[in-house]
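Summary of structural features
These are the residues of each chain, in order.
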Amino acid sequence: MNPYDQLVTVNPSSDFSSLNLLIEAFRNNINSLNDVNADDIHDEKFKLFKKAYNFSKRVHQGQKRESGEPYLTHPIEVAAIVAGLRMDCASIVAALLHDTVEDTLATLDDIKNEFGEEVALIVDGLTKLGKLSFKSSEEFEAENIRKMIVAMAKDIRVIIIKLADRLHNLRTLDFLTKEKQIKIAQETIDIYAPLANRLGIFFIKSELEDLSFKYLNPEAYRDLSFKINKKKAERENYIEKVIGILKENLEKHNLKAEIYGRPKHFYSIYKKMIEQHVSFEDIYDLLALRIIVNTETECYEALGLVHSIWKPVSGRIKDYIAMPKANLYRSLHSTVIGPEGMRVEIQIRTKQMHFIDEFGIAAHWKYKENMSFEKSDLDQFNWLRQLVEYQKELKDPREFLDSVRIDLFQEEVYVFTPKGKVIALPKDSTPIDFAYYIHTEIGDKAMGAIVNGVIVPLRQKLSNGDIVEIITKEDHRPSKDWLKYAKSSKALSKIRSYIRQTERDESIVAGKEILEREFKKLGNRKIDFKEMVNIAMQKLSIKDEEDLYAGLGYGKYLPSFIFLTAVPDFKKTDRLSLITRKTEGVINKILKRIKPGAVSRRGIATGEAVISPFGGDLLYKLAGCCHPIPGDDIVGFISRGRGVIVHKSDCKNIIGVDENRLIKVGWKAALESSKSGLGFFETKIKIITEDKKGILANIVTLISEKGANISRAQVRTLKDGRAVHLFDIEVKDNAQVDLIISGIKAVKGVIKVNRG
């Protein structure tokens, strides 16, 4: 039975009597809606569902899924999930139509004319930006998520249907290629599962995580599944015993309650094993017990009763009733030492809290026909407001996606203002994050903080319950060091923005001074300075004069290059020509000493080579943080005094830097060096394995057989019977690394492998 089938029976709908019939029709077969006579059930909404079904069937006619099934099965399943979440009529209709504009000849105008503007707006929010061109797949992904977030802020139903869409796609992922499976699963873990968690829709979040886990780490998934099922009967007997004890004691104290056990999903168990460095056998709280009572007061009474029966584990009592999570989740949590010395997690809540836990935001928002949620509802989801705010500010797709992941994924810490207002920040936040949460100006001018009455540095981590006050100074400004301590996307974004602007302002001043100084050195000038700048801007397609000066200040352009661009026909006797020849002579001398792909005594390329952006030669080096190798997507960062530093395009160290200091670079020089047989590049590989004899030898042998050299190896064992292997290896390109990683994955006992 699917989760939404269970939910339908948990809370019968009051919106329309045909809901159960609708879901049954969806689930039975794709023609069953036409077998139902809507007149017989006197439900106008069902007539609309049938109309949407027939529209979707017509425009998707002839389309097949990778499984070979008619494409129509997908929108039907998505609509069934949405219906099971107790969503309104427009949501279910939009779910049936969600792919029509993207994948068929139907237009938004068609949807609007047939089903109204409300449904059309939801479908538009669900439609990808397929007709636009993007520089990379990462930019395409970022812009689609950006569009979805904007649409979500206008109407939360967009993301609820999108989550249902993603859930069904993962349920049918077996039919796609392995490459697509991994890509979709990783995106789900990074974006969609955290979104479901933020929206409080637990069963969707859990299933998304488990299905993604199955494809991202199939061996670990199979191993965990085997171990869990092996002791299933034993755990069920134990939980029945605990429930019996609880029922007996609750009845003695006249507390009416429903009690049942909920198995923890695979991915949450796996995460706990990894984070705590423990084995499966050391995870004791594999089941959570839920006690559902009638009132909030009874929640606390039940908690006291539980603690009178079994000793609570220190530090494991959490009151989400007094301080609800951002997704409106409310409950009391406590881990106790139960019978036989086993740890048991107890969750206590009211029926209303339980309903919100099951349905999340879908239970909270009450829709009326042709109306969306009120702003007062949105105020309870501050993280959503922040996402909407940041998407306007963050133009770089990497920085935008990084901010989304921070806002969605991190756990929270709850602190107070001096006036008692509760502020939710990402875990491990510092007063810097608190200051920027209050206001950007407070953050920019922060120089210290008072936490619980004691003056502390801005780098100190905040804890739950801290009372925080920020000390400001009018002339104080953000520091680059703050990026090490800030955790919230808002703080990181504002600090990066300030640093970028400051560096740009300095570069504009320096660049203009350099150009004016060199211009004055020219003897026979045929053009005035302003005219020369305007011509250079026009030829280089630079719209803003400050961009030209900033480029000079960064070292992106040489003055001689600007002069020659503006006046290419100067005579050789001109001072300009002498400057140019002198500059070119210096560059040529450097290039004669440092050849592209020069080889050191260890046989590894020094990483120095030449690229030619903007018509002038520049020296570049490979970044030591991300170790790019031929075949990787790369980007150049213009540094002061060090030439161009080449990073992998997804390197975290270039997220948020000034885009004017990034330039396109290619692997031509490096690849030519590789073809000569001398060019080797260093990269890192991290491998997690079972800690058993012979596995290290097998890995080393495989790396050697694939033609790579090991320059450094480090192994450490963990308490849970696993080992972590770190290798620095010398390779020619990323194709060779891919072969090595594929081979290592096949070695028995290897759990996970990736480039470090």
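So, how was this worked out
Residues numbered from 1 in each chain as written. Predicted model: local features only at pLDDT ≥ 70, side-chain atom pairs only at ≥ 80, totals over all residues. Heavy atoms only, no water. Helix = DSSP H or I, 4+ residues; strand = E, 2+ residues; numbered from the N terminus. Buried < 20%, exposed > 50% of the residue type's maximum accessible area, 1.4 Å probe, protein only. Contact = heavy atoms within 4.5 Å. Pairing = 2+ DSSP bridges. pLDDT = per-residue confidence, 0-100. Salt bridge = Lys/Arg side-chain N within 4 Å of Asp/Glu carboxyl O. Axes fitted to C-alpha atoms, helices over the stretch in contact; angles between N-to-C directions. Parallel < 35°, antiparallel > 145°, perpendicular 65-115°, else oblique. Nonpolar A, V, L, I, M, F, W, Y, C, P; charged D, E, K, R; others polar. Patch = residues over 30% accessible without salt bridge, like charges linked within 9 Å, V, L, I, M, F, W, Y side chains within 5 Å. Areas by Shrake-Rupley, 256 points an atom, 1.4 Å probe, with all protein chains shown as cover. Lys, Arg positive; Asp, Glu negative; His and termini not counted. Charge placed at Lys NZ, Arg CZ, Asp CG, Glu CD. Phe/Tyr/Trp six-rings, centres within 6.5 Å; stacked < 30°, edge-to-face > 60°. Lys NZ or Arg CZ within 6 Å of the ring centre and 35° of its normal.

1. Some thoughts on the overall build of the protein chain
A count of helical and extended segments in the protein chain gives 34 helices and 20 strands. Taking all 756 residues of the protein chain together, the buried fraction comes to 51%. Of the contacts made within the protein chain by residues no fewer than 6 positions apart, 65% connect residues no fewer than 24 positions apart.

2. Focus on the pairing of strand β9 (residues 446-451)
Sheet topology places β9 next to strand β11 (residues 468-472); five bridges connect them, and they run antiparallel. Residue pairing across strands places Ala-446 opposite Thr-472, the latter belonging to β11. The sheet contact formed by β9 and strand β10 (residues 454-456) spans three bridges and is antiparallel. Looking at β10, one finds that Val-451 is bridged to Val-454. Here β9 folds back onto β10 in antiparallel fashion, the turn holding two residues, of which Asn-452 has a positive phi close to 55°.

3. Regarding the confidence of the model for the protein chain
Within the protein chain, residue pLDDT values average 75, and 72% of them lie at 70 or more. Per-residue pLDDT stays below 50 along residues 1-19; that stretch engages in 42 contacts with residues further than four places along the chain or on separate chains. Ignoring residues within four places in sequence, the model shows residues 129-135, a span with pLDDT below 50, making eight contacts including any to other chains.

4. Regarding the pattern of salt bridges
This model, assessed by the stated rule, comprises 19 salt bridges. Salt-bridge contacts for Arg-166 lead to Glu-187; the nearest nitrogen and oxygen are separated by 2.7 Å. Taken together, the residues span a long stretch of sequence, with Arg-166 in helix α12 (residues 157-171) and Glu-187 in helix α13 (residues 178-198) at a distance of 21 residues. Each member of the pair Arg-166 and Glu-187 is classed as buried. Salt-bridge contacts for Glu-209 lead to Lys-205; the nearest nitrogen and oxygen are separated by 3.7 Å. Taken together, the residues span about one helical turn, with Glu-209 and Lys-205 both in helix α14 (residues 202-216) at a distance of four residues. We note that Glu-209, like Lys-205, is buried.

5. Structural notes on the packing of α14 against helix α17 (residues 266-276)
As a packed pair, α14 and α17 sit with axes 7 Å apart at the nearest point and diverge in direction by 65°. In terms of orientation, α14 and α17 fall into the roughly perpendicular class. Together, Glu-209, Asp-210 and Phe-213 of α14 and Phe-266, Tyr-267 and Tyr-270 of α17 make up the contact between the two elements. Here the contact of α14 with α17 is built from residues that sort into four nonpolar, no polar and two charged.

6. A look at a negative patch on the surface
A contiguous patch of negative charge, built from Asp-505, Glu-506, Asp-544 and Glu-546, is present on the exposed surface. Within the element layout of this structure, Asp-505 appears in helix α27 (residues 489-521). Residue classification places Asp-505 among the partly exposed residues on the basis of a relative accessible area of 38%.

7. Digging into the sheet that holds strand β17 (residues 681-690)
A sheet is described by the order of its strands in space; here four strands give the open sequence β18-β19-β17-β20, paired in antiparallel fashion. Each edge of the open sheet carries a strand with a single partner, namely β18 (709-717) and β20 (750-755). Neighbour-to-neighbour, the strand axes of this sheet turn through a mean angle of 15°, independent of strand direction. Of the pairings in the sheet, the one linking β18 to strand β19 (residues 722-731) comprises eight bridges and is antiparallel in character. When the sheet's bridge partners are listed, Arg-712 is paired in β19 with Asp-728. Along the sheet, helix α33 (residues 695-705) contacts β17, β18, β19 and β20; its crossing angle with β19, the most-contacted strand, is approximately 15°.

8. Things to note about the sheet that holds β10
Pairing in this open sheet of three strands is antiparallel, and the strands run β10-β9-β11 from one edge to the other. Sheet topology places β10 and β11 at the edges, where each strand pairs with a single neighbour. With strand direction ignored, the average angle separating the axes of adjacent strands in the sheet is 30°. Strands β9, β10 and β11 of the sheet are contacted by helix α24 (residues 431-438), whose axis makes an angle of about 85° with β11.

9. Quick word on the packing of aromatic side chains
All told, the structure shown has seven aromatic pairs when counted by the stated rule. Taken together, a centroid distance of 5.6 Å and an interplanar angle of 90° make the contact between Phe-55 and Phe-115 edge-to-face. Of this pair, Phe-55 sits in helix α5 (residues 44-59) while Phe-115 is found in helix α9 (residues 108-115), placing the two residues 60 residues apart along the sequence. Each of the two residues, Phe-55 as well as Phe-115, counts as buried. Put simply, the rings of Phe-213, Tyr-221, Phe-266, Tyr-267 and Tyr-270 pair up and form one aromatic cluster. The lysine or arginine in question, Lys-51, covers the ring of Phe-115, its NZ or CZ lying 5.2 Å from the ring centre. Arg-290 extends its terminal NZ or CZ atom over the ring of Phe-202, reaching a point 6.0 Å from the ring centre.

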